[in-house]
Amino acid sequence: MDQVLDRPVDGTRADLAVGDQLVLRLDQQSGGGHLWELSAVPDCLEPDADRVEPVGSSLPGSAHTRVLGLRASRPGAGELVLALRRPWEDEPTDERRIRIRVQ
């Protein structure tokens, strides 16, 4: 079963069963170089999807939605950390922490 978190806020919780997919949908203005990335992934999740979908216009620099998918691979718990940053910068512009529990 898929669980979709559309624009998750910091501190969101996700309870999954082994085999479920967690889908994260995040706004991304890639024209400025800011991209969402998985900064930390708990051992109970495995990344399995990463794509960008245009919002309205598909012109370069327009708004996009970053879609990240993770599969619950085994029971466990942890914190998934998403960071919005430019690839050449160390500090993120934004960060979201999602508490994960897989049963």
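One can find the structure itself at the top, above this paragraph.
The structure contained in this document is the topic of the report that follows.

Analysis parameters
Numbering of residues starts from 1 in every chain and runs along the sequence as written. The model is predicted, so local features are restricted to residues of pLDDT at least 70 and side-chain atom pairs to those at 80 or more, both for listing and for counting; the totals for chains, interfaces and linings are taken over all residues. Excluded from the side-chain calculations are hydrogens and water; all other atoms, namely the structure's heavy atoms, are used. In this text, helices come from DSSP runs of H or I with a minimum length of four residues, and strands from runs of E with a minimum of two, each type numbered from the N-terminal end. Residue contacts are counted whenever heavy atoms from the two residues lie within 4.5 Å of one another. Throughout this description, the term salt bridge denotes a Lys or Arg side-chain nitrogen within 4 Å of a carboxyl oxygen of Asp or Glu. Each residue's exposure class comes from its accessible area (1.4 Å probe, protein chains only) as a fraction of the maximum for that residue type: buried when under 20%, exposed when over 50%, partly exposed otherwise. Strands qualify as paired when DSSP identifies two bridges or more between them. Interaxial angle, 0 to 180 degrees, is taken between N-to-C directions of lines fitted to C-alpha atoms, where a helix line uses only the stretch in contact. By nonpolar core is meant a set of buried Ala, Val, Leu, Ile, Met, Phe, Trp, Tyr and Cys residues that side-chain atoms within 4.5 Å join together.

**Quick word on the environment of Ala17**
With respect to the helices and strands, the residue Ala17 is situated in the loop between β2 (12-16) and β3 (21-28). For the pair Ala17 and Arg74, spaced 57 residues apart in the sequence, the C-alpha separation amounts to 8.3 Å. In contact with Ala17, not counting residues within four places along its chain, are Ala72, Val102 and Gln103.

**Brief notes about the pattern of salt bridges**
In the structure shown here, the tally under the stated rule is 14 salt bridges. Two residues, Asp6 and Arg7, come together in a salt bridge whose shortest N-O distance is 3.5 Å. Taking the relative accessible area as the measure of exposure, Asp6 reaches 45% and is therefore partly exposed. Its relative accessible area of 47% is what places Arg7 among the partly exposed residues.

**Some details on the sheet that holds β3**
Ordered by their spatial adjacency, four strands build an open sheet running β1-β3-β6-β5, and the pairing between neighbours is mixed. The open sheet has two free edges, formed respectively by β1 (2-6) and β5 (45-54), since each of these has just one partner strand. Sheet twist, expressed as the mean angle between neighbouring strand axes with direction ignored, is 20°. Bridge count for β1 against β3 is five bridges, and the pairing is parallel. Across the sheet, residue Asp6 finds its bridge partner in β3, namely Arg25.

**Brief notes about the nonpolar core**
Ranked by size, the top nonpolar core spans 18 residues in total, and within it Leu22, Leu24, Leu45, Ile98 and Ile100 carry the most contacts. If you list the elements that add at least two residues to this core, you get β2, β3, β6 (64-72), β7 (76-85) and β8 (94-102). Apart from residues lying up to four places away in sequence, Leu45 is in contact with Leu16, Leu70, Arg71, Ala72, Ser73, Ile100 and Val102.

What is shown is where atoms sit, not what they do.
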